[in-house]
Amino acid sequence: MLQRMTPSDAQNSLDRVIDIKGVSLTFETNDGPVHALAGINLDITQGEFVSLIGPSGCGKTTLLRVIADLERPTTGTITVNGVSPREALLNRSYGYVFQAAALYPWRTIAKNVALPLEIMGLDRAEREARVKRNLELVDLGDFAQKFPWQLSGGMQQRASIARALAVEPGMLLMDEPFGALDEIVRDHLNEQLLKLCDKTNKTVVFVTHSIPEAVFLSTKIVVMSARPGQIHDIIESELPRDRTLDVRETPEFLDIAHRVRQGLREGHSYDA
Amino acid sequence: MTPRVDLQKFLARAGPVVVVVLAIFTLWYIAAVLLNAPAQRDAYARAKVVDYSTGQLIADTTSQRRPVLPAPHQVVEEIYKTTVLKKVTSKRSLIHHSWVTLSSTMLGFLLGTALGTLLAVAIVHNRTLDKSMMPWVIASQTIPILAIAPLIIVVLNAIGIQGLLPKAFISMYLSFFPVTVGMVKGLRSPEIIHLDLMRTYSASPWDVFWKLRWPSSVPYLFTSMKVAIAISLVGAIVSELPTGAVAGLGARLLAGSYYGQTIQIWSALVMAALLAAILVTLVGVANKAVLRRMGMAST
Amino acid sequence: MTLTLRSVLAVAALVGALGGFIVPIEIGGADTDRVMIWPHGALLVFAGLAVLTAMAAISDRLRGPLLLAALFLVAHFGAYALISSLGDEAGKRGPGFWSLVVAAWALAWLVADRVAAIESRDRLKQRLLAIAIPALFGMWILILWEIIVRGFDIPAVLLPPPSAIGARIATSVPTLWADFQQTILKAVLIGYILGCGAGLVVAILIDRSSFLQRGLLPIGNLVSALPIVGVAPIMVMWFGFDWPSKAAVVIIMTFFPMLVNTMAGLASASAMQRDLMKTYAASYWQTLFKLRLPEALPFIFNALKINSTLALIGAIVAEFFGTPIVGMGFRISTEVGRMNIDMVWAEIAMAAVAGSLFYGAIALTERVFTFWHPSIRGS
């Protein structure tokens, strides 16, 4: 493969953080095979905010898990930062945020954020510095010594984002991180997340089933359809990067939202 | 397709168990040979047998009359001899002894379950009882109740109560605690929302009990009954120890230990284990049947 | 006034106290056959006070705390008066005496009922109440036990009064201490530590083999329900009369509950939390120590609690099969044979205290280590 690369390709592949070619994934179950993903092709470049949106069962979470090496594709190739997902995992090139905060109740917030750093074998001073920095980044500096169960759901999820950031990865993989929160908290966290990405220039892959959330956050929206899970449409967003919540009332925003909704509807009609 | 999948599932579940059981039996045989070998070598020395083969040693160590550890087949043989070959009425019939133990287990278990349930109902419906008694019920579980067994037997004997009742009394005493604790939990298991629903119907406490609390406590009742019946059996066996070893599996254990009859001890032990397994399984089967009829069957 | 438990109790106290005035307290003295109506001034005072407080409770005139204090004082003064009236060479208790017992008991129950109804937001007060009510209950069990045993002249061979048991404990401290050392400090503690430790270690060792787990879990569950204490005679044969055979029984009894619970605990970490550790490229041992063992702690402590009772039972019962001439089980079985029932009760009391302390220590440790668990942080 390397031999066939032209210099410009090589340049592209440096920018290209995630490169997915013809990935399919089939689960064998008692009721026969389930085609979770079929023929997925997707490129993600440095600094992009990519949302995966689609009905439940469309494989958006599975696709994220394939990128994170939590699942192995049945066929196709995928590279993350130019290497296999396994190597990318071992290089700690991403932070993963789950649907729930999944904080350990027996550790304080600071200790929770330090968990991946302990596993990486960082020394104490470095751990403390990173914990402090990242907790302040998500506005939880004052809550470092609290236990997770003493915090609200939104604060817990912010702590889990700080935990993902503490690894200092180039990339964040987020699986419906705000799905369990109420709309007001969710709006607030969306805004904060956007600011944070601007500040740190991270690449984000974000799974959601909320159209406004996807449009508000993303530079690229990947609309998926179910059975088999495949990409139905990829929409590039032209909205300015430094957006605020007000952007949601602009015609441009509504236009993109409309296209996403259209795509979801078409994807759905394949079923019928 | 489905039956084949079921068979596969069954094999996947039973396979490891069978292998582990086989491993246990193998270890048992090896341990029997090793533990009984010294005595056997002594016996050879006394009989001036010098040139015995390993095979002979193994055969002899697994067929001693009073081995340190009897081999499984000796235990099975003894059980066969004392169940199938002996008349049930015989003093040496293991069925007779098992029946003695089983009857006091069952009587104690039934009394204990009834008493435990009643106590739980009282505790759930009376705040004072709850606050004053529940800590003692829990604390009583931390006390080695079985230590009282000989006392109760002797004292009840002294006032003329003999035979089945004192033993059943100990089984009852042991089995009612888990039932009380489990049933208190069970009767309190309905969620606030369900209780509130009953309140919107202005249901009487009687209705709340029979239509909500009792049905939701049934799974808890069966879980506690499994514990209760197992501990009931332990109570019955232990309470047979200080009665002078007349009848019952506990009496067989004690008699066996007096006369060094290891095979007899092991056969009583295996019988007790079988009894426990059967009783717990029966409660489990009843549990499934009842829950299915109530529409709460869990797979 | 509606018919509540409280009003029934108040009326019972009133009727009981009035009964003390009307029917004879004692029938037949030590030297005469005369009917004694008022042999004890203290009982007369109690009967009078009981009538007053019962009336106050019925009419609800006094303020809550004041009434509560009055009920408490009168009930316990009654208990004192009733017990001390048993002290001399008195004749048989008459119906008046039992009538007063009922009155005192009803008053005490009223106290418990009122205290149980107190709602408090203060944590310290909640704690105190949670101790006070069962303490009151326990004390009245002892009071009634004392009164009934001595009042009905129940022979000490059947059931000695608590005071006799207390006296026995006070006079046989050296014997009790020796038995405690032999049974608790040697057999129970050593067997418990080895049995629980072995269960924990084996559960971790077979953690990586799902085959062994699937094979051992059903067997472990079954064995946990078996009357394992039956191996006691075998262990006594193998390891002799002294404490090692008892420790062996304890090891076997405590091993399986720990094995089964630890296995369940290690399996209890959620898929999401395991995935999280995977995204950190955590090793097996890192996942075990940072996630799965902490997650298993509530299960492990559950086994430790179950085993604390099992260990005591195992050691005591194993002593029924033969011991050197020391140990709690030995003492219980020999003193029962000699009809020294008060000594048996002294051993039982010690077993109860030792068992509760053992359990309490584990429960306290549990609170320290699993402070984060919903079942603990809620309370």
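See the structure printed just above.
Anyway, here's the lowdown on the structure attached to this text. These figures come from a predicted structure and were not determined experimentally. (Residues numbered from 1 in each chain as written. Chains lettered and ligands numbered in written order. Predicted model: local features only at pLDDT ≥ 70, side-chain atom pairs only at ≥ 80, totals over all residues.)

Residues and elements named next belong to chain C. Here helix H12 (residues 284–319) crosses helix H14 (residues 341–369) at 170°, and the two axes come no closer than 10 Å. What the angle tells us is that H12 and H14 run roughly antiparallel. Considering only the axes of H12 and H14, their crossing is right-handed. Contacts between H12 and H14 involve Leu297, Phe301, Leu304, Lys305, Ser308, Thr309, Leu312 and Ile316 from the former and Ala351, Gly355, Phe358, Tyr359, Ile362, Ala363, Glu366 and Phe369 from the latter. Considered class by class, the residues forming the contact of H12 with H14 number 11 nonpolar, 3 polar and 2 charged. (Axes fitted to C-alpha atoms, helices over the stretch in contact; angles between N-to-C directions. Helix = DSSP H or I, 4+ residues; strand = E, 2+ residues; numbered from the N terminus. Parallel < 35°, antiparallel > 145°, perpendicular 65-115°, else oblique. Left-handed = near helix turned anticlockwise from the far one by under 90°. Contact = placed C-beta atoms within 7 Å. Nonpolar A, V, L, I, M, F, W, Y, C, P; charged D, E, K, R; others polar.)

Attention now goes to unusual backbone geometry. Residues and elements named next belong to chain A. Of the consecutive residues Arg227 and Pro228, the connecting peptide bond is found in the cis state with omega at -10°. Among the secondary structure elements, Pro228 is positioned in the loop between strand E8 (220–225) and strand E9 (230–236). Of note in this structure, Asn201 is not a glycine but carries a positive phi near 55°. Inspection of the secondary structure assignment puts Asn201 in the loop between helix H7 (183–200) and strand E7 (203–208).

Here we come to the packing of helix H7 (residues 173–205) of chain C against H12 of chain C. All names here are of chain C. One can describe the packing of H7 onto H12 by two numbers: an axis separation of 9 Å at closest approach and a directional angle of 135°. Put simply, H7 runs oblique to H12. The two elements H7 and H12 cross, and the hand of that crossing is right-handed. Side by side, H7 and H12 meet where Thr183, Ala187, Val188, Gly191, Tyr192, Gly195, Cys196 and Leu200 of the first sit next to Ile300, Leu304, Asn307, Ala311, Leu312, Ala315, Ile316 and Glu319 of the second. In terms of residue class, the contact of H7 with H12 is built from 11 nonpolar, 4 polar and 1 charged.

Let's shift gears to the pairing of strand E5 (residues 94–97) of chain A. Residues and elements named next belong to chain A. By the alternation rule, side chains of E5 split into Tyr94 and Tyr96 and Gly95 and Val97, which are all buried. Inspection of the sheet shows E5 paired to strand E6 (residues 171–175) by 4 bridges, in the parallel sense. Considered in E6, the bridge of Tyr96 is made with Leu173. (Buried ≥ 20, exposed ≤ 12 C-beta atoms within 10 Å, placed from the backbone. Pairing = 2+ DSSP bridges.)

This part covers helix H9 (residues 232–239) of chain C. Here H9 of chain C lies mainly inside the structure; 6 of its 8 residues are buried. As for H9 of chain C, its buried residues are in contact with helix H10 (249–259) and helix H11 (262–293) of chain B together with helix H10 (243–266) and H12 of chain C. One or two steps after H9 of chain C, the chain reaches Gly240 of chain C, where phi turns positive at roughly 85°.

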